[in-house]
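Notes for the structure review
Below are the chains, spelled out letter by letter.
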Amino acid sequence: MRRSKISGLSAAQIDVVNKDFYLGVMGKVPPFATIPVAAGMLYDLASLTKVLGTTTRILQMIDSGLLNLQIECREVLPEFPRLRMTIEDLLLHRSELPSDFKEKQLFTEETMYSFLKDFTPYKTNETIYSDIGYLLLGLVIEQIDDQNLENTFKRHIFEPLGMKNTTYYPDFQQFILPTEITTSRGIILGTVHDSKANRWSRPAGSAGLFAPLEDIIRFTQGVMLNKKMDGSQLFSTDIYQKLRDVSISNRTLGWEKSFGEGIIYHTGFTGTSMGIDLVKQRGLILLTNRVHPSRENTDYLTYRHKLYQDFFKGA
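Residues numbered from 1 in each chain as written. Predicted model: local features only at pLDDT ≥ 70, side-chain atom pairs only at ≥ 80, totals over all residues. Heavy atoms only, no water.

**Brief notes about the pairing of strand β7 (residues 263–267)**
In terms of burial, β7 is a largely internal element, five of the five residues being buried. The two faces of β7 match: Ile263, Tyr265 and Thr267 on one face and Ile264 and His266 on the other face are all buried. Of the pairings in the sheet, the one linking β7 to strand β8 (residues 273–277) comprises five bridges and is antiparallel in character. Within the sheet, the bridge partner assigned to isoleucine 263 lies in β8 and is aspartate 277. Connecting β7 to the next strand, β8, in antiparallel fashion are five residues, including glycine 271 with a positive phi near 120°. (Buried < 20%, exposed > 50% of the residue type's maximum accessible area, 1.4 Å probe, protein only. Helix = DSSP H or I, 4+ residues; strand = E, 2+ residues; numbered from the N terminus. Pairing = 2+ DSSP bridges.)

**With respect to the side chain of threonine 252**
Examined against the element boundaries, threonine 252 turns out to sit in the loop between α9 (237–245) and β7. On the accessibility criterion, threonine 252 (0% relative accessible area) is buried. Among the polar contacts listed, one links the side chain of threonine 252 to the backbone oxygen of lysine 242, at a separation of 3.3 Å. Those residues in contact with threonine 252 that lie beyond four places of it in its chain are Leu91, Leu92, Lys242, Leu243, Val246, Lys257 and Ile264. (Polar contact = N/O pair within 3.5 Å; in protein donor to acceptor, adjacent residues only side chain to side chain. Contact = heavy atoms within 4.5 Å.)

**Some points on the environment of phenylalanine 115**
Structurally, the position occupied by phenylalanine 115 is in helix α4 (residues 109–118). Given a relative accessible area of 22%, phenylalanine 115 falls into the partly exposed group. Note: C-alpha distance between phenylalanine 115 and lysine 50 (65 residues apart in sequence) is 21 Å. Setting aside residues no more than four positions away along its own chain, phenylalanine 115 makes contact with Leu97, Pro98, Phe101 and Ile132.

In structure tokens, the structure reads:
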């Protein structure tokens, strides 16, 4: 994938197969409104954390026999004996866990654990995109790997794919784009934007990773070609085929299937997104801080959808 440069919002970095673009400025308010975006700048990936880290590690665990798609969560996490949903249910967002907590400002790890101890799924298989489900998958990974997500993702995903600057703990000497300005937190810069992940005492499975465009390109190439830097497979042929072919309520294992067969896609609340055509082997990455200075810019969401729609139609 060769790199050149283009823009979108106040800050946008786009990568298409054979074309990259870095134009615009870091944000809408001073001093960020005067600093051009450039290679190497870090974005809060928000829910792209779910696919770059959590989904990828879960699929690797299935490949290595540490998990399987049909194992129930309570078998891995016996402290939550009511959790009868399977790993596959969580990846497909059909676990019946709610999308989020109604009173997010009251969220703590303790409320999460209490909720999981009391929750009883009823197996209706309704698709509900759930942040809570990915917090739970993060707990599954921690339990099996016996280390936090920062360390296990680096060892099993980021280092093998050559992703040198993807982390939950960005270095403030690096260029980090501001995410949002809020009354309660002021300028959110270099700390996770998502409120639940921000209250989690350690890296969370749902959000929190920071990365530059260059690392997302390496990840996209790794998934697209199913290959690590050393030439070995990222996933087994069986898991890779499932990722490509499964389509249930426009979802596959961890990813959306919004733009056609063989195309996997995901977004993040902060303005990040990526889509990969596993059949034609081409992808589109769009990184922005669209909620800076505030989340009122909803027109961007329509623009983003059309951008991906046109790209995958070949427009």
